[in-house]
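Residues per chain, in single letters:
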Amino acid sequence: MVQTRSAAKRIESGKVHNDNGTLQENPTVDLASGNGVPSPAKKRRREEAAPSKKRRRGKPSELCQLNLDVLFLIAAYIHPIDLLNLARTCKSLRDLLMDRSSEFVWKTARQQVKGLPACPADLTEPEYANLVFYARCHGCGKYTTTILWNVRRRFCPGCRIRRLRRLSSCNEIIRKNSVLAVEYITAKKESTTRVDRDQAASFMDDYRQSSDKKQFISDKQKQCRFILQHAKKCEAWQKKRESERKDEQKRRQLERGQRIFQRLNQHGYSRELNYFGYSSIQRCRDSDFRTSKPLTDREWERMRPEWAKVMDKFRSRRLEAVVYEPRRRSLVSAYNRYVTHPSPEAPTFDLLPHVADLARLPAFRDIINAPEETQVDDKSFTSAFAQLPMLVAEWRKKLDAELAELMEIPLHLSSENASKALTPSSTTQSLNADLDRLHLACALFQTAHPGVFTHVEVFSVSMLNRRYDNDREDDSEHRGSISAGFGVQFLKEAPYIVHACGLDPSVATVDDMDHRNARLKCLFCGGRSFVWNWRHAMWHASSCHQTSTLAPLSTSPRWQLVGDEHIDAIQTVEQSIERNLFPSSTRCLLCRPHIGDVMTKRQISSHLYESHDITIECIKQGVHYAPIGICDSQLVVVEMVEEGKQVTFKVPLS
């Protein structure tokens with residue numbers, strides 16, 4: 001055991017200092033033993049430890065040890081229900097408070113209840129307090145708020161049937177003399193007159209024991225009349241009390257609602273409250289307004305996250321209606337002017353986006369989503385329109401890539417031996433990029449809009465049905481790809497039609513197909529034989545061959561090339577067919593091409609007159625409007641008649 005320096009000095013000297021500073025012999029050092037080590041202090045046993053003092057708790061019966069004047073003075077200032085509960089805590093208090101001498105205490109406590117009628121003569125003060133304030137059934141003890149004032153009872157619905165008997169089943173004396181107060185009880189849609197069983201039995205016992213039965217009945221009738229009068233006063237007091245309680249609860253609810261709205265104002269939602277109104281916002285979380293509890297800081301901190309979510313939604317709706325919708329209308333107006341009245345110095349585009357897509361471009365989106373205090377009008381978008389060439393290039397690059405992925409050209413259709421038209425386009429370099437693939441003759445697509453369209457036209461006819469023109473936010477951003485969102489599909493039979501004309505579908509362009517000027521006969525449609533040019537063949541394939549029951553294209557040829565020696569005869573018949581020179585779908589050539597510019601004959605006429613001041617008599621195809629789709633007019637079909645080795649062509653009869 002290691003000794004400290006001070007302990008060693010004490011051991012050597014054998015003396016210690018006392019409190020007075022004098023020296024005394026150290027009793028803990030055994031010098032005779034020669035060890036020089038003090039004996040260790042003895043540990044105190046746990047049993048010898050001082051017992052812990054338990055906290056003394058008061059008992060209700062100790063209240064009786066108070067001076068009675070002090071006790072009664074305290075009891076007189078509490079509510080009757082508290083006085084009733086105090087009397088039920090222990091036997092000592094019960095004996096004290098239920099004594100007749102303590103009646104003044106109950107009376108004083110009752111008088112503190114505003115408007116409560118005096119205690120009737122047929123009840124004691126404790127019984128009256130128990131009837132009025134203790135909300136328990138007198139039969140089974142269940143909670144109930146219904147007081148039957150006439151019979152001086154509180155009964156739950158079950159006990160009303162068990163403890164009250166029909167007046168018609170009572171003794172004739174009770175039925176005819178009106179000696180007992182009755183209650184009108186409705187049970188199972190039946191209203192009956194009932195009296196208390198115990199009161200009826202007690203009355204019959206007293207009646208049998210009375211010597212003067214007439215006087216007894218007369219006294220009971222007077223008592224019954226008094227009870228009924230007192231019961232009416234109690235019912236009026238109860239109704240008034242319930243009305244005051246409801247008014248107080250409503251006042252507290254209104255005060256709580258005002259506190260909630262004050263908190264929302266403090267958190268910066270005053271504009272939302274003024275725009276939508278307090279009642280509209282209250283309906284979203286009505287449960288927070290129904291309770292009458294005062295709103296505390298702790299409760300508000302618990303409610304605040306949910307209220308923030310609700311108010312943020314209201315803020316988004318307000319900004320949408322007050323800020324963003326007017327700005328979108330300004331963008332629509334500015335974009336219409338930009339499209340319909342292009343300046344000669346402005347850059348040219350083969351296709352401009354829909355106004356809904358335009359609004360999502362960064363330059364335009366930042367203007368629309370600018371802070372609420374920013375003033376935005378038609379001129380505010382001038383700087384954004386200056387960036388349009390760069391923005392449109394990025395937008396088209398993404399769409400073209402999606403469209404190119406839809407193209408599926410079978411490898412077995414590409415052939416190095418396929419004859420190629422000797423046109424400038426056929427001598428260009430290999431078309432492997434996405435944009436080059438979309439310029440192929442087989443790059444044809446179909447949508448819900450009738451017809452077959454090239455890669456630029458398919459955007460116009462598929463993406464035009466948008467909601468942005470109705471001053472509402474467009475939802476097409478969440479539709480996914482152009483195939484899933486707008487129903488664009490690649491015409492899978494297009495490469496086979498190009499291959500049937502003797503050209504390579506992975507190389508041949510529209511100019512190549514027009515220069516080839518081939519005619520095809522449909523092998524799939526049975527019956528008469530019809531001859532089509534390649535454009536009308538594409539339209540026919542999209543209209544008549546798109547069924548799930550058809551055999552695969554790779555195993556079942558559907559087109560046969562008509563010999564070139566018949567081209568002159570076929571063209572002669574085609575020229576004799578009367579055509580409808582006005583196409584079904586057109587676009588304005590005086591406006592910049594943009595998504596949503598597809599119009600019918602009536603629409604293009606109205607547009608040219610309203611936007612460009614051109615009357616219907618002056619409208620010319622190729623100058624004012626152009627068709628949309630590879631078929632620029634009514635379908636031209638020639639019927640092929642084969643009689644032996646002789647082949648003739650004629651206009652088909654309908």
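Residues numbered from 1 in each chain as written. Predicted model: local features only at pLDDT ≥ 70, side-chain atom pairs only at ≥ 80, totals over all residues. Heavy atoms only, no water.

**Brief notes about the nonpolar core**
Formally: Joining through side-chain atoms within 4.5 Å is the link that ties buried Ala, Val, Leu, Ile, Met, Phe, Trp, Tyr and Cys residues into a set, and such a set is a nonpolar core. When a residue's accessible area, from a 1.4 Å probe over protein chains only, is under 20% of the maximum for its type it is buried; when over 50% it is exposed; and in between it is partly exposed. In this description a helix means any DSSP run of H or I spanning at least four residues, a strand means any run of E spanning at least two, and both kinds are numbered starting from the N terminus. We call two residues in contact when some of their heavy atoms are within 4.5 Å.
Counting residues in each nonpolar core, the largest one holds 82 residues, and the members touching the most others are Phe364 and Phe385. Looking at this core, the element that brings in the most residues is helix H14 (residues 297-340), giving nine residues. If near-sequence neighbours (up to four positions away) are discounted, phenylalanine 364 is found in contact with Leu331, Leu358, Ala359, Phe381, Ala384, Phe385, Leu388 and Leu391. If you look at the next biggest cluster of nonpolar residues, it comprises 25 residues, including Leu83, Val105, Cys234 and Trp237.

**Observations regarding the sheet that holds strand E16 (residues 646-650)**
The test is simple: For two strands to be treated as a pair, DSSP must find no fewer than two bridges joining them. Axes here refer to lines fitted to C-alpha atoms; in helices the fit is confined to the stretch in contact. Angles between the N-to-C directions go from 0 to 180 degrees.
Reading across the sheet, the five strands line up as E12-E10-E11-E15-E16 and stay open at both edges, with antiparallel pairing between neighbours. Each edge of the sheet is formed by a strand with only one pairing partner; in this case those strands are strand E12 (559-561) and E16. If you compare each strand with its neighbour and ignore which way they point, the axes differ by 35° on average. Looking at chain direction, strand E11 (residues 529-533) and strand E15 (residues 638-643) are connected through three bridges and run antiparallel. The partner of valine 531 across the bridge, within E15, is valine 638. Where helix H24 (residues 534-544) meets the sheet, it contacts strand E10 (519-522), E11 and E12, and its direction lies at approximately 115° from that of E11.

**So, the environment of valine 498**
On the secondary structure map, valine 498 appears in helix H22 (residues 494-500). Along the chain, valine 498 and alanine 508 lie 10 residues apart, while their C-alpha atoms are 7.8 Å from each other. Once residues lying within four places of it in the same chain are set aside, the contact partners of valine 498 are Ala441, Cys442, Leu503, Asp504, Pro505, Ala508, Met513 and Met538.

**Digging into the environment of proline 410**
On the secondary structure map, proline 410 appears in the loop between helix H18 (388-406) and helix H19 (434-437). Along the sequence, proline 410 and lysine 492 sit 82 residues apart, while their C-alpha atoms lie 9.5 Å from each other. Ignoring sequence-local partners within four residues, the contact set of proline 410 consists of Pro495 and Tyr496.

**A word on the packing of aromatic side chains**
Centre-to-centre distance and the angle between the planes together describe a pair of aromatic rings. We apply this condition: Two rings belonging to Phe, Tyr or Trp (six-membered ring only in the last case) form a pair when the distance between their centres is within 6.5 Å. Interplanar angles under 30 degrees mark stacking, angles over 60 mark edge-to-face geometry, and anything in between is tilted. Lysine and arginine charges are scored as sitting over a ring when NZ or CZ, respectively, is within 6 Å of the ring centre and within 35 degrees of the ring normal.
Following the criterion strictly, the structure yields 14 aromatic pairs and no others. Between phenylalanine 276 and phenylalanine 314, the ring centres sit 5.0 Å apart and the planes meet at 65°, which makes this aromatic pair edge-to-face. Note that phenylalanine 276 is positioned in helix H11 (residues 270-276) and phenylalanine 314 in helix H14, a separation of 38 residues in sequence. Pair check on accessibility: phenylalanine 276 and phenylalanine 314 agree, each one buried. Taken together, Tyr335, Tyr338, Phe364, Phe381 and Phe385 form an aromatic cluster joined through their ring pairs. The ring of tyrosine 134 carries the charged tip of arginine 88 above its face, separated from the ring centre by 4.4 Å. Over the face of the ring belonging to tyrosine 338 we find arginine 592, whose NZ or CZ atom lies 4.3 Å from the ring centre.

**A closer look at the side chain of glutamate 299**
Tracing the chain through its elements places glutamate 299 in helix H14. Residue class for glutamate 299 comes out buried when judged on its relative accessible area of 14%. Aside from chain neighbours lying at most four places away, what touches glutamate 299 is Arg256 and Pro294.

**Description of the pattern of salt bridges**
Selection criterion: When a carboxyl oxygen of Asp or Glu lies within 4 Å of a side-chain nitrogen of Lys or Arg, that pair is called a salt bridge.
For the structure shown, the criterion picks out 34 salt bridges. Taking the shortest distance from any N to any O, the salt bridge between aspartate 350 and arginine 396 comes out at 2.8 Å. With aspartate 350 in the loop between H14 and helix H15 (355-360) and arginine 396 in helix H18, this pair connects stretches of sequence that are 46 residues apart. For aspartate 350, a relative accessible area of 47% corresponds to the partly exposed category. Here the residues in one salt-bridge network are Arg271, Glu272, Arg315, Arg318, Glu372 and Glu373, joined through shared partners.

**Points about helix H10 (residues 213-266)**
Since one α-helical turn is 3.6 residues long, residues separated by three or four positions face the same way. Quick note on the threshold: By this rule, a helix spans an expected 1.5 Å times one less than how many residues it contains.
The end-to-end C-alpha separation of H10 is 78 Å, in line with the 80 Å expected for 54 residues at 1.5 Å each. Once H10 ends, the next one or two residues include glycine 268, with phi positive near 90°.

**A short note on the sheet that holds strand E5 (residues 164-166)**
Ordered in space as E5-E7-E6, the three strands form an open sheet in which the pairing is antiparallel. In this open sheet, the two strands that pair with only one neighbour each are E5 and strand E6 (183-187). On average, each strand axis in the sheet is inclined to that of its neighbour by 55°, with strand direction left out of account. Bridge count for E6 against strand E7 (residues 190-196) is five bridges, and the pairing is antiparallel. Considered in E7, the bridge of tyrosine 184 is made with threonine 193. Contacting E5 and E7, helix H9 (residues 197-209) crosses the sheet at an angle of about 45° to E7.

**Here's the deal with the environment of alanine 443**
Relative to the elements of secondary structure, alanine 443 occurs in the loop between H19 and strand E8 (445-446). Using a relative accessible area of 1% as the deciding quantity, one classes alanine 443 as buried. Expressed as a C-alpha distance, the spacing of alanine 443 and leucine 403, which sit 40 residues apart in the sequence, is 9.3 Å. Setting aside its immediate chain neighbours within four residues, alanine 443 contacts Met407, Arg437, Leu438, Phe453, Thr454, His455 and Phe490.

**Remarks on the packing of helix H5 (residues 103-111) against helix H6 (residues 125-133)**
The cut-off we apply is this: Amino acid classes used here: Ala, Val, Leu, Ile, Met, Phe, Trp, Tyr, Cys and Pro are nonpolar; Asp, Glu, Lys and Arg are charged; the rest, including Gly, are polar.
One way to put it is that H5 packs onto H6 with a least axis distance of 9 Å and a crossing angle of 35°. Facing Glu103, Trp106, Lys107 and Arg110 of H5, the residues of H6 in contact are Glu125, Pro126, Tyr128 and Ala129. Looking at the contact of H5 with H6 residue by residue, the classes come out as four nonpolar, no polar and four charged.

**Some remarks on the pairing of E7**
Where E5 and E7 come together, three bridges link them in antiparallel fashion. Bridged to arginine 166 within E7 is arginine 194. Counting the residues that bridge the hairpin from E6 to E7 gives two residues, and of these lysine 188 lies at a positive phi of roughly 55°.

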